[in-house]
Amino acid sequence: MLTPFHLAYNVRHLDETRAFYGDVLGCTEGRSTETWVDYSFFGHQISMHLGEPFATEATGKVGEHMVPMPHLGVVLQMDDWKALAERLKGAKVDFVIEPSLRFEGEPGEQATMFFRDPSGNPIEVKGFADMERVFAQ
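Residues numbered from 1 in each chain as written. Predicted model: local features only at pLDDT ≥ 70, side-chain atom pairs only at ≥ 80, totals over all residues. Heavy atoms only, no water.

- For the protein, the name recorded in an unreviewed UniProt entry is VOC family protein, with Sulfitobacter profundi as its organism.

Okay, structure coming up:
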């Protein structure tokens, strides 16, 4: 049984964070204070606290891409992934890696996209046509 994860990290501005996670990603805001805000990130709890975001570097080689490390992400059903990709394109989000399919025809075939929040935190969203294949070898 899957259970929600909790992740807390730093952001530079709460207003920009609210606009991005709430308006662009469509996440539901939870509790907040003057220094942090919680969101339901596709059913998982993320807490953004005012501070300097963690350093990232494109050191993760996945397929033909070097991906930003560390990063956070979520795995969605393919229809939900496609809808979010269109929403992000409509919002003119600057992609680190454009929405694309990788490992085509392999057991781990997946759609992916990478982008950053306004504080520079990298986010990956994966899409699977068959969620039973998420951990396929």
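Don't stop here, the text continues.
1. Section: the nonpolar core
Step number 1: Tyr21, Leu25, Leu88, Met113, Phe115 and Val125 are the most contacted members of the largest nonpolar core, which totals 28 residues.
Step number 2: Those elements that provide at least two residues to this core are strand E1 (6-11), helix H1 (14-24), strand E3 (36-41), strand E4 (44-50), strand E7 (72-77), helix H2 (78-90), strand E9 (110-116) and strand E10 (122-128).
Step number 3: For this core, the element with the most residues is H2, which contributes five residues.
Step number 4: Apart from residues no more than four positions distant in its own chain, Leu25 is found in contact with Phe20, Phe41, Phe42, Leu84, Arg87, Leu88 and Phe115. (Core = buried A, V, L, I, M, F, W, Y, C linked by side-chain atoms within 4.5 Å. Buried < 20%, exposed > 50% of the residue type's maximum accessible area, 1.4 Å probe, protein only. Helix = DSSP H or I, 4+ residues; strand = E, 2+ residues; numbered from the N terminus. Contact = heavy atoms within 4.5 Å.)

2. Concerning the environment of Ser32
Step number 1: The topology assignment puts Ser32 in strand E2 (residues 28-32).
Step number 2: With 16 residues separating them along the chain, Ser32 and Met48 place their C-alpha atoms 9.3 Å apart.
Step number 3: Within polar-contact distance, the side chain of Ser32 engages the side chain of Arg18 at 3.2 Å. (Polar contact = N/O pair within 3.5 Å; in protein donor to acceptor, adjacent residues only side chain to side chain.)

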